[in-house]
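Each chain, written out:
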Amino acid sequence: MKKVIICGYNLIGCEVIKTLHEMGHQLFVFTHKSPYFIPDVISYCEDLQIPFTTDKISKRNLPFKPDIICSIYYRYIISKDIIDISKGKIFNLHPSLLPNYRGCSSITWAIINNEKYTGFTYHYINEEIDKGTIIYQKKIKINSFDTQSSLYNKVMFEALNYFYFSFKFVLDGKKGEKQKPGGEYFKRGVPFGGEISEDWDLNRVNRFIKALIHPPYPLATYKKMPVKDIKSFLKLKNER
């Protein structure tokens, strides 16, 4: 049995908690409050009687000295003092093929930018955002019919299959592969404020519309009007 800190949120956070709980590890969870449409880590921890907090992870609120720290869809940057306490046994799941698309909204941006593939990367955490050495990485094809919602689900469901491999990799103290130089960082927030530009061609408009489809989050807009598909965009454009 290991002492495990999980910094987790959303469906995959719940799934990782389930996996490690069933294996008998001692867990403590750092998480976030969830809106009604996102699987609730807090309620799940209460059901399993796993201690948790919505406070940001810090040196002062660690419940024990962990053998390993797992960051799975955690929305806070983990500080250097926590990285130091972990003695290098700390890792993160990121939904892109690092070093490409570091930061936020990586799946959304991959669709907008007409990438043929996205994927996921398990990587060690260091002091630089999404720049730690790679534990495991897998490509996933982006199809023309994919929306943000469908592609996000594909990426996360496939990533879950490699969680325990990555967990064991870190516990065993393996080094991983250094990331290649380059890669752009994307800040938190909806790309272009969610608004379709007059300067884009129809292919880019179509990709942008699909990249923002993730109910119940807002759709793309054109002239402040919601747009659900390319046909509704063309109708709005012709009306104006």
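Cut-offs and rules
Residues numbered from 1 in each chain as written. Predicted model: local features only at pLDDT ≥ 70, side-chain atom pairs only at ≥ 80, totals over all residues. Heavy atoms only, no water. Core = buried A, V, L, I, M, F, W, Y, C linked by side-chain atoms within 4.5 Å. Buried < 20%, exposed > 50% of the residue type's maximum accessible area, 1.4 Å probe, protein only. Contact = heavy atoms within 4.5 Å. Phe/Tyr/Trp six-rings, centres within 6.5 Å; stacked < 30°, edge-to-face > 60°. Lys NZ or Arg CZ within 6 Å of the ring centre and 35° of its normal. Helix = DSSP H or I, 4+ residues; strand = E, 2+ residues; numbered from the N terminus. Arc of directions from axis to C-beta. Polar contact = N/O pair within 3.5 Å; in protein donor to acceptor, adjacent residues only side chain to side chain. Axes fitted to C-alpha atoms, helices over the stretch in contact; angles between N-to-C directions. Parallel < 35°, antiparallel > 145°, perpendicular 65-115°, else oblique. Left-handed = near helix turned anticlockwise from the far one by under 90°. Nonpolar A, V, L, I, M, F, W, Y, C, P; charged D, E, K, R; others polar.

Caption draft 1: Layout of the nonpolar core. With 53 residues, the main nonpolar core has L20, F91, Y122, F163, F167 and I196 as its most contacted residues. Filtering out sequence-adjacent residues up to four positions away, F167 remains in contact with V4, L20, H25, I68, C70 and F91. Counting 14 residues, the second largest nonpolar core, distinct from the first, contains L62, F64, I83 and I90.

Caption draft 2: View of the packing of aromatic side chains. Applying the stated criterion across every chain yields a total of 24 aromatic pairs. Considering the side-chain rings of Y74 and Y76, the 5.5 Å spacing of their centres and the 80° angle between planes classify their relative orientation as edge-to-face. With relative accessibility at 38%, the residue Y76 sits in the partly exposed group. Among the aromatic residues, those joined into a cluster by ring pairs are F91, F120, Y122, Y124, Y136, Y162, F163, Y164, F165, F167 and F169. We note K141 situated over the ring of Y117; from NZ or CZ to the ring centre the distance is 5.7 Å. The ring of W200 has R204 sitting right over it, with the charged end atom 4.9 Å from the ring centre.

Caption draft 3: Local environment of helix 8 (residues 230-239). Along helix 8, the positions that sit buried rather than exposed are S232, F233 and L236. Projected down its long axis, helix 8 shows its buried positions confined to an angular sector of 105°, all on one face. Among the exposed residues of helix 8, those pointing more than 90 degrees away from its buried face are K231, K235 and N238. If you check the start of helix 8, you find a side-chain oxygen 3.3 Å away from the backbone N of K231, and it comes from D229.

Caption draft 4: Seen up close, the packing of helix 7 (residues 202-211) against helix 8. Viewed as axis vectors pointing N to C, helix 7 and helix 8 meet at an angle of 120°, and their least axial separation amounts to 9 Å. Taken together, helix 7 and helix 8 sit at an angle that is classed as oblique. For the crossing formed where helix 7 meets helix 8, the hand is right-handed. Residues L202, V205, N206 and I209 of helix 7 touch helix 8, and the partners they reach there are I230, F233 and L234. Here the residues of the contact of helix 7 with helix 8 are counted per class, giving 6 nonpolar, 1 polar and no charged.

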